[in-house]
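Single-letter residue listing:
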Amino acid sequence: KNEVEQSPQNLTAQEGEFITINCSYSVGISALHWLQQHPGGGIVSLFMLSSGKKKHGRLIATINIQEKHSSLHITASHPRDSAVYICAVIPSPNSGGGADGLTFGKGTHLIIQP
Amino acid sequence: KAGVTQTPRYLIKTRGQQVTLSCSPISGHRSVSWYQQTPGQGLQFLFEYFSETQRNKGNFPGRFSGRQFSNSRSEMNVSTLELGDSALYLCASSWGAPPVLKNTEAFFGQGTRLTVV
């Protein structure tokens, strides 16, 4: 069974700080997806990663396949970044899971104070 | 272009009833996936469809079912509702083949908030 752990669960920071959110998983994967959920429920897809690193604006996502770990970084954080960040892990077929085993982390609740 | 549209947005049903939720994907998207979100369990994968065929299915009882039509619109049905089925039900679509979240971009609807009383 694929276990997905996110840390921290809650994070409060000041505007401008560098933010790191972590996601660890227990099985081999074919992809990992970072999502952002704002109050009210709307979810936005941020990054899909299968290796390496991706950058979009102030957001950077990295993944280390060997260590089964991914991080989401926010540079120069802003109050509009306040949201819940969720990682979704898609197991690889030979890990015994397959896409049926798509598992989400519990989310990191981020608050950026002005 | 229009985003992913879910209807209805809010729904109140009584235990034992059944419910049908609808999801219209972005025009041109052929993959649709469904998720359940509750405060206790967080997000959980229900199932996903491509070309009118269920391609992947999460670990939910048979009371949860879905289908996809030739225009890629999808519906999910929950029969014999239980109090624990109260949740936000989300769908997402992508242009490429499933898994939806293995696509570079996946687009989510605003969800249907179902309350079972």
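Please refer to the structure higher up on the page.
## Thoughts on the side chain of Ser 74 of chain B
Residues and elements named next belong to chain B.
- Turning to its location among the elements, Ser 74 is positioned in strand E8 (residues 74-78).
- In this structure the side chain of Ser 74 is engaged in a polar contact, spanning 2.9 Å, whose partner is the side chain of Trp 34.
- Polar contacts involving the side chain of Ser 74 include one to the main-chain carbonyl oxygen of Arg 67, which spans 2.9 Å.
- With residues up to four places along the chain from it excluded, the contact list for Ser 74 reads Leu 21, Ser 22, Cys 23, Val 32, Trp 34, Tyr 49, Arg 67 and Gln 68.

## Looking at the environment of Val 4 of chain A
Residue and element names in this part refer to chain A.
- Looking at where Val 4 falls in the secondary structure, it is placed in strand E1 (residues 4-7).
- For the pair formed by Val 4 and Trp 34, sequence separation is 30 residues and the distance between their alpha carbons is 13 Å.
- Residues in contact with Val 4, not counting those within four places in the same chain, are Cys 23, Ser 24, Tyr 25, Cys 87, Val 89, Thr 103, Phe 104 and Gly 105.

## A short note on the interface of chain A and chain B
- On the side of chain B, 23 residues touch chain A, which itself brings 19 residues to the contact.
- For the pair chain A and chain B, the two sides together bury roughly 1700 Å², of which 61% comes from carbon and sulfur.
- At the boundary of chain A and chain B, one finds zero salt bridges.
- In this assembly, chain A and chain B are joined by three residue pairs in polar contact (both at pLDDT 80 or more).

## Some points on the pattern of salt bridges
Residues and elements named next belong to chain B.
- Inspection of the entire model under this criterion finds five salt bridges over all chains.
- The shortest N-O distance in the salt bridge between Asp 85 and Arg 63 comes to 2.8 Å. Of the two residues, Asp 85 is situated in the loop between E8 and strand E9 (87-94) and Arg 63 in the loop between strand E6 (53-57) and strand E7 (64-68); the sequence distance between them amounts to 22 residues.
- You can call Arg 63 buried: its relative accessible area is 17%.
- Among the salt bridges present, the one from Glu 75 reaches Arg 73, with a minimum N-O distance of 3.2 Å.

## Observations concerning the pairing of E6 of chain B
Residues and elements named next belong to chain B.
- Judged from the four bridges that link them, strand E5 (residues 42-50) and E6 form a sheet pairing that is antiparallel. Its bridge partner being in E6, Phe 50 is matched across the sheet by Thr 53.
- From the end of E5 to the start of E6, which pair antiparallel, there are two residues, and Ser 51 there has a positive phi angle of about 50°.

Here is what the cut-offs are and how they apply
Residues numbered from 1 in each chain as written. Chains lettered and ligands numbered in written order. Predicted model: local features only at pLDDT ≥ 70, side-chain atom pairs only at ≥ 80, totals over all residues. Heavy atoms only, no water. Helix = DSSP H or I, 4+ residues; strand = E, 2+ residues; numbered from the N terminus. Polar contact = N/O pair within 3.5 Å; in protein donor to acceptor, adjacent residues only side chain to side chain. Contact = heavy atoms within 4.5 Å. Buried area = accessible area lost by both parts, 1.4 Å probe. Salt bridge = Lys/Arg side-chain N within 4 Å of Asp/Glu carboxyl O. Buried < 20%, exposed > 50% of the residue type's maximum accessible area, 1.4 Å probe, protein only. Pairing = 2+ DSSP bridges.

Note that all results are geometric; they support no functional claim without further evidence.
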